Amino acid sequence: MLKSWNEMRQLDISKYVKQRDKADYLPWASCLKLLYENGAEKVSFRPLTNEVGSSLFMSEQSFADKNGEVTRCYEVRVEVVIDGSSFWISYPVLNGINPVRDKLMNQNAVHKAQMRAFVKAVAINTGLGFDLWLDDS
């Protein structure tokens, strides 16, 4: 059985934490490893799809930035199941800390967003790595 939320939150994950664009993150594989090492018996996650079967969700509204470049808001959604408990989360498609724009959108960016969504869903629902978001504005 997975440890309690508070016990998971207090785990020292510092040796697993990486940094990109001055932001700390827990890689998805380390997250999965730590879940199993701390009592999880079965962990899975899958991308959720929209009405046309795509794992990429996007706003119908487009937006122009300060340079007049037009783009939309993109996000992914994943379902995470840990020992029979299921939860899902939406997560923006980002390039580091910046939103991915129309002309830079690709499957790799979508996949990375799905992995980041998995880690954040785990943090919110199990406490593992939760403190990485405490200063998140």
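Look above for the structure.
Residues numbered from 1 in each chain as written. Predicted model: local features only at pLDDT ≥ 70, side-chain atom pairs only at ≥ 80, totals over all residues. Heavy atoms only, no water.

Colleague: Go over the overall build of the chain, please, and point to the residues and values.
Modeller: For the chain, the helix and strand inventory stands at 3 helices and 8 strands. Going residue by residue from the N terminus, the α and β elements of the chain occur as α-β-β-α-β-β-β-β-β-β-α. Each principal axis of the C-alpha atoms in the chain carries an extent, and together these give about 50 × 35 × 20 Å. The burial tally for the chain puts 36% of its 137 residues in the buried class. Long-range contacts, defined as pairs at least 24 residues apart, comprise 57% of the intrachain contacts of the chain with a sequence gap of at least 6. Summing over all exposed atoms, the chain offers an accessible surface of approximately 8,600 Å²; the carbon and sulfur share of this is 50%. (Helix = DSSP H or I, 4+ residues; strand = E, 2+ residues; numbered from the N terminus. Buried < 20%, exposed > 50% of the residue type's maximum accessible area, 1.4 Å probe, protein only. Contact = heavy atoms within 4.5 Å. Areas by Shrake-Rupley, 256 points an atom, 1.4 Å probe, with all protein chains shown as cover.)

Colleague: Pulling in residues and values, what's your account of the nonpolar core?
Modeller: In this structure, Leu35, Ile82 and Leu128 are the most contacted members of the largest nonpolar core, which totals 31 residues. When residues of this core are traced back to their parent elements, those giving at least two are helix H2 (28-37), strand S5 (70-82), strand S6 (85-92) and helix H3 (107-126). Examining the composition of this core, we find that 8 residues originate from one element, H3, more than from any other. For Ile82, the residues in contact, after removing those within four places along its chain, are Leu2, Leu35, Ala40, Lys42, Val43, Phe87, Val122 and Thr126. (Core = buried A, V, L, I, M, F, W, Y, C linked by side-chain atoms within 4.5 Å.)

Colleague: Talk me through the side chain of Asn38; I want residue IDs and the actual numbers.
Modeller: Topologically, Asn38 is positioned in the loop between H2 and strand S3 (43-47). Overall, Asn38 belongs to the buried group, its relative accessible area being 9%. Polar side-chain contacts of Asn38 include one of 2.8 Å to the backbone oxygen of Leu34. Leaving out residues up to four positions away in the same chain, Asn38 has contacts with Met1, Leu2, Lys3, Met8 and Leu11. (Polar contact = N/O pair within 3.5 Å; in protein donor to acceptor, adjacent residues only side chain to side chain.)

Colleague: Break down the packing of aromatic side chains for me, with residues and values.
Modeller: All chains considered together, the criterion is met by 2 aromatic pairs. Between Trp5 and Phe130 the ring centres are 5.0 Å apart and the planes differ by 65 degrees, which places this aromatic pair in the edge-to-face class. Placement of Trp5 in helix H1 (residues 5-9) and of Phe130 in the segment after H3 is noted, with a sequence separation of 125 residues between them. Overall, the relative accessible area of 31% leaves Trp5 in the partly exposed class. Residue classification places Phe130 among the partly exposed positions, given a relative accessible area of 26%. Plain terms: the ring middles of Phe45 and Phe118 are 4.1 Å apart, the flat faces sit at 15 degrees to each other, and that makes the pair stacked. Of this pair, Phe45 sits in strand S3 while Phe118 sits in helix H3; the two residues are 73 residues apart in sequence, bridging distant segments of the chain. By relative accessible area, Phe45 is classed as partly exposed at 26%. (Phe/Tyr/Trp six-rings, centres within 6.5 Å; stacked < 30°, edge-to-face > 60°.)

Colleague: How would you explain the pattern of salt bridges if you had to name every residue and give the values?
Modeller: Two side chains bearing opposite charge may form a pair once their charged atoms approach each other closely. Applying the stated criterion across every chain, the model contains 7 salt bridges. Note that Asp131 and Arg9 form a salt bridge whose closest N and O atoms lie 2.5 Å from each other. With Asp131 in the segment after H3 and Arg9 in helix H1, the pair connects residues that are 122 residues apart, well separated along the chain. We classify Asp131 as partly exposed; its relative accessible area is 38%. (Salt bridge = Lys/Arg side-chain N within 4 Å of Asp/Glu carboxyl O.)

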